[in-house]
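These are the residues of each chain, in order.
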Amino acid sequence: MTRLLVVALLLILQGCATGEKAKPFQFKSLAKSDIDMVADLHIHAVNERVRELTIKLYKRNPRELKKGPPGITVSRRLQLLLDSPRLINHPELGGKYGIDAIPLVFDPEFRGDRVFALMVGISGMLHASYSYRDEFYLLNEIDQQKLFNSARNLEAIDWRLNNRRQPDGRLFLLTNGIAANGVPNYSFERIFAQLIGYQDMMARIVSDKTNRAIKSVVVGFASTTLLPI
């Protein structure tokens, strides 16, 4: 059953990378298990969704970019978020990374770039769920509970973006909405659903492969805390 899940996920994740040139064979691939190869493709797919979400958020909330350092661009923000090796210390966020950066987004006193705080939080959390690795080999372990917890945190963050408001009643960040022609735009929900699906699928594959159970936990959407990664 696990082998079928691995093959299915490989096909799904490869489908997410259509339009890209196939990578040539590398000898280091011989040091990878089937789970390692799935994890590598999965990390790539997750990073692509993070890139897409970041761009969409800045288009929807252009004022946030202006709160950053002088001359900052969306391209530079993407480099700061996704370059390898990953930068995990951002002075403008007080050095916060991963789930520690998320509360800044919903803090009325925060005067910085909320989009950047959100994406440092989300990308850092996903990075932590893979033990801060960008690539896996035979002796590297993947923790199914971290993957599961990150999926539940994404659900909570999505809910808070749609429901938490500033003292004047405005949302902290604009995401979903209604287009000028009256058609609902749920493109942000689609990206969050994809990220959640990737993390849950990978957690299940690792759990089945290692015979380690996933402990079901629930995040209180209205609370200010998230599950540890």
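See the structure shown above.
Remember, predicted model here, so these are calculated numbers, not experimental data.

1. A word on the overall build of the chain
The secondary structure content of the chain amounts to 8 helices and 2 strands. Along the chain, from the amino end to the carboxyl end, the secondary structure elements read α-α-α-α-α-α-α-β-β-α. Within the chain, the fraction of its 229 residues that count as buried is 45%. Contacts in the chain between residues far apart in sequence, at least 24 positions, make up 74% of those at least 6 positions apart. Counting only carbon and sulfur atoms, one obtains 58% of the accessible surface of the chain, whose full area is about 11,900 Å².

2. Observations regarding the side chain of asparagine 176
Here asparagine 176 shows up in the loop between α7 (144–163) and β1 (177–178). Of note is the side chain of asparagine 176, whose polar atom sits 3.4 Å from the side chain of asparagine 162. Reaching out from asparagine 176, the side chain makes a polar contact with the side chain of glutamate 189 at a distance of 2.9 Å. In contact with asparagine 176, other than residues within four places in its own chain, are Arg60, Asn162, Asn185, Tyr186, Ser187, Phe188 and Glu189.

3. Topic: the packing of helix α2 (residues 34–60) against helix α6 (residues 114–129)
Viewed as axis vectors pointing N to C, α2 and α6 meet at an angle of 170 degrees, and their least axial separation amounts to 10 Å. Comparing the axis directions of α2 and α6 gives the class roughly antiparallel. In contact with Val46, Val50, Leu53, Thr54, Leu57 and Tyr58 of α2, α6 contributes Val115, Phe116, Leu118, Met119, Ile122, Ser123 and Leu126. The residue makeup of the contact of α2 with α6, split by class, is 11 nonpolar, 2 polar and no charged.

4. Points about the pattern of salt bridges
Under the defined criterion, the tally for this structure stands at 11 salt bridges. We note a salt bridge from glutamate 64 to lysine 67, for which the minimum N-O separation is 3.1 Å. Residue glutamate 64 is classed as buried on the basis of its relative accessible area, which comes to 1%. Put simply, arginine 77 and aspartate 113 hold a salt bridge, and the shortest N to O gap is 3.2 Å. One end of the pair, arginine 77, is in helix α4 (residues 74–82); the other, aspartate 113, is in the loop between α5 (102–105) and α6, and 36 residues separate them in sequence. There is no split in this pair, since arginine 77 and aspartate 113 are both buried. Each member of the salt-bridge network shares a partner with another, and the members are Arg49, Glu52 and Arg190.

5. Considering the nonpolar core
In this structure, Leu53, Leu118, Met119, Ile122, Leu154 and Ile157 are the most contacted members of the largest nonpolar core, which totals 44 residues. At the level of secondary structure, the elements contributing two or more residues to this core comprise α2, α4, α5, α6, α7 and α8 (187–210). The leading source of residues in this core is α6, at 9 residues. The residues contacting methionine 119, other than those within four sequence positions of it, are Val50, Leu53, Thr54, Leu57, Leu81 and Gly124. Within the second largest apolar cluster, 13 residues are counted, among which are Ile35, Val38, Leu147 and Val206.

6. Quick notes on the layout of surface pockets
Approximately 180 Å³ is the volume attributed to the second largest pocket. Taken together, 11 residues form the lining of the second largest pocket, with Ser33, Ile35, Asp36, Asn140 and Thr210 sitting closest to its centre. Listed by contribution, the elements that provide at least two residues to the lining of the second largest pocket are α2 and α8. The biggest single contributor to the lining of the second largest pocket is α8, with 3 residues.

Scoring rules and cut-offs
The numbers attached to residues start from 1 for each chain and follow its sequence in the written order. Confidence filtering applies because this is a predicted model: local features only for residues at pLDDT of at least 70, side-chain atom pairs given and counted only at 80 or more, and all residues used for totals across whole chains, interfaces and linings. Note: side-chain values were computed over all heavy atoms of the structure, leaving out hydrogens and water. In this text, helices come from DSSP runs of H or I with a minimum length of four residues, and strands from runs of E with a minimum of two, each type numbered from the N-terminal end. Using a 1.4 Å probe on the protein chains alone, a residue whose accessible area is under 20% of its type maximum counts as buried, one over 50% counts as exposed, and one in between counts as partly exposed. In what follows, residue pairs with any heavy atoms lying within 4.5 Å of each other are defined as contacts. With residues, only the protein chains shown are counted as cover, and all accessible areas are computed by Shrake-Rupley using a 1.4 Å probe. We call two N or O atoms a polar contact when they sit within 3.5 Å, provided that within protein one can donate a hydrogen and the other can accept it, with sequence-adjacent residues counted only if both atoms are side-chain atoms. For helices, the axis comes from a line fit to the C-alpha atoms of the stretch in contact; other axes are also lines fit to C-alpha atoms, and the angle between any two N-to-C directions lies between 0 and 180 degrees. The cut-offs work like this: below 35 degrees is roughly parallel, past 145 is roughly antiparallel, 65 to 115 is roughly perpendicular, and the gaps in between are oblique. As a working rule, the residues Ala, Val, Leu, Ile, Met, Phe, Trp, Tyr, Cys and Pro are called nonpolar, Asp, Glu, Lys and Arg charged, and the rest polar, with Gly in that last group. Here a salt bridge means any side-chain nitrogen of Lys or Arg lying within 4 Å of a carboxyl oxygen belonging to Asp or Glu. Only buried residues count toward a nonpolar core. Its members are Ala, Val, Leu, Ile, Met, Phe, Trp, Tyr and Cys residues joined through side-chain atoms within 4.5 Å. Residues are said to line a cavity or pocket when one of their atoms sits within 4 Å of a point; the points come from a 1 Å grid over protein atoms alone, cavities being sets where a 1.4 Å probe fits but cannot get out and pockets being open sets with protein on both sides within 12 Å along at least five of seven lines. Grid points are joined across faces, edges and corners, and a volume is the space filled by probe spheres set on the points.

Worth remembering: the numbers are spatial, not functional.
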